[in-house]
Amino acid sequence: MSDIPGTSDQSDQPDPLDSFDEIIEAETTRDPDLAVIEAGSRTLRTQGGPPQADVPARPEDPEVDQALREVEAELATRWGETKLEPSVTRIAALMDVLGEPQRSYPSIHITGTNGKTSTARMIEALLGAFELRTGRYTSPHVQSITERISLDGAPITAERFIETYRDIKPYVEMVDASQEYRLSFFEVLTGMAYAAFADAPVDVAVVEVGMGGSWDATNVIDGDVAVITPIDLDHTDRLGETPGEIAGEKSGIVKQGATVILAQQPVDAAQVVLKKAVEVDATVAREGLEFGVVARQVAVGGQLLTLRGLGGEYTEVYLPLHGAHQAHNAAVALAAVEAFFGVGAQRAEPLDIDAVRKAFAAVSSPGRLEVVRRSPTVVLDAAHNPAGARVTAEAIGEAFQFSRLVGVVGASADKNVRGLLEAFEPVFAEVVVTQNSSHRAMEADELAAIAVEVFGEERVQVEPRLPDALEAAITLAEEEGEFAGGGVLVTGSVITVGEARLLLGKG
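This section reports on the structure supplied with the text. (Residues numbered from 1 in each chain as written. Predicted model: local features only at pLDDT ≥ 70, side-chain atom pairs only at ≥ 80, totals over all residues. Heavy atoms only, no water.)

**Remarks on the pattern of salt bridges**
Any two side chains of opposite charge can pair if their charged atoms end up close together. Rules: Throughout this description, the term salt bridge denotes a Lys or Arg side-chain nitrogen within 4 Å of a carboxyl oxygen of Asp or Glu. Secondary structure is summarised from DSSP: a helix means a run of H or I of at least four residues, a strand means a run of E of at least two, and numbering begins at the N terminus for each.
Evaluated as defined, the whole model comprises 25 salt bridges. Residue aspartate 414 pairs with arginine 440 through a salt bridge whose shortest N-O separation is 3.3 Å. You can see aspartate 414 sitting in the loop between strand S14 (404-409) and helix H13 (417-424) and its partner arginine 440 sitting in the loop between strand S15 (430-433) and helix H14 (444-455), a full 26 residues away along the chain. Close ionic contact of arginine 465 with aspartate 468 constitutes a salt bridge, the shortest N to O distance being 3.0 Å. Several salt bridges converge on common partners, so that one network encompasses Arg58, Asp65, Arg69 and Glu72.

Next comes the structure, spelled out in structure tokens:
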């Protein structure tokens, strides 16, 4: 058994440092004098399967479907994901009575404001390409609750989801009885994920935080690698009003002796994370210095990348996802997997280039600039805050070049909706405002009032029902004619995207 996946001799490749110096100057905003330590981690290698990324539909078996609905109904009686009591006391108690399942495998823990799920999927694909059995826990789901817990790159079956819930239910009730507050919806799902990974068993868990980091339910694991995607303003009422304050919460996932993979950050956020790393003797690798995107070209269905990793340069990497932000997510994911395998610390050689190319070429991220219809083209993207909307607006202009783009926006009431709409204003010719079925949804009329202030009354149409909004937007996009370049972007919320995905025949 080797210590690291097969490596490739790249001695005939040109020196990447010349081009890499350019991205340092062009892309990093961090203080170059901040301390940097090379990344390193442990190595595991066992059997795993190829990643599969389809979003599951409802179970075909009526009995299984009914059982899953019963589990969903029981989970729905608990605190929702937006009602929090910032503490890991309850989830720690659950882990204790379950026998600490989260300590039976190493993990890569991911936090940040945007890009977490896409980065997690890329990490999962890379680990699978090197024959590791993976467990992935992400949130929220696009269509099916079972998406949140994946084994070997595929969501667990409805049957396994039900079985896992029933297995831990007595222990959940035991903890409920001993605590001031019952376990929340997210805490129970986290317990299910950790139990399912231990039962599988997996060789490595890829875990996305729900919110923040320090007191997030997922933070009962001690990640060998802590990944921090770009930090921006979101959930400011709970996490802080500046990137630095938010970074204080998110850096809580950095544990003693871990490796930190740090994406591009505002200066104050980077300083907070690096200070935390020093406090716990963690190693750090920063995008734009130790790793990054050297070059990218728009390609059919995605983009072609040259990435600088901790062990060298990886050329001709095809990524079937759109946008510069996904290229940066890919660089972060690659560095995280290199760190997990010890590249840059114990080993100087890069990962096998063929395996890396194969893994990235198989990546998908449902609901992230996902094309679900042609003539006219309908694209779904789960951007739900201004930072996410800005990168989506930039990416859709680069990848699709629509002559006329119509937006369908359904947002949550607790989000910065004005900032979201302002980010899309330059690229939307018209916007159809609507609402999804969630109790958190902003009412269409309220959203319309804000949209009129941003877009002007003549560019705003109100359709409270999402099916009507989709039909209206498609009609507007078709007005240019069959061979024109009209398109539709559905955005504003993961829930809106998931419901639109179902209406348009996906899943």
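**Considering the nonpolar core**
What counts here: Nonpolar cores were defined as sets of buried Ala, Val, Leu, Ile, Met, Phe, Trp, Tyr and Cys residues, with membership established by side-chain atoms within 4.5 Å. Each residue gets one of three labels from its accessible area relative to the maximum for its type: buried under 20%, exposed over 50%, partly exposed in between, using a 1.4 Å probe on protein chains only.
Ranked by internal contacts, the top residues of the largest apolar core, which has 46 residues, are Ile108, Ile123, Leu127, Val227, Ile261, Leu351 and Phe360. The biggest single contributor to this core is helix H10 (residues 324-340), with 11 residues. Of all hydrophobic cores here, the second largest spans 39 residues; its members include Ile149, Met192, Ala195 and Val207.

**A look at the side chain of threonine 377**
The condition is simple: Note on contacts: a residue pair is in contact if any heavy atoms of the two residues lie within 4.5 Å.
Summarising the element assignment, threonine 377 is placed in strand S13 (residues 377-380). Classification of threonine 377 as buried rests on a relative accessible area of 11%. When residues no more than four places from it in sequence are discounted, the contact partners of threonine 377 are Val371, Phe402, Gly486, Gly487 and Val488.

**Observations concerning the sheet that holds S13**
To keep it simple, the criterion reads: Pairing between strands requires that DSSP locate at least two bridges from one strand to the other. Axis lines are fitted to C-alpha atoms, over the contacting stretch for helices. Their N-to-C directions set the angle, which ranges from 0 to 180 degrees.
With mixed pairing, the six strands of this open sheet are ordered in space as S12-S13-S17-S14-S15-S16. In this open sheet, the two strands that pair with only one neighbour each are strand S12 (370-373) and strand S16 (460-462). This sheet shows a mean twist of 25° between the axes of neighbouring strands, independent of strand direction. Where S14 and S15 come together, four bridges link them in parallel fashion. Counterpart to valine 409 in the pairing with S15 is valine 433. Where helix H15 (residues 466-478) meets the sheet, its contacts fall on S12, S13, S14, S15, S16 and strand S17 (486-491), and the angle it forms with S14 comes to roughly 175°.

Remember that the coordinates give geometry; whether it matters functionally is a separate question.
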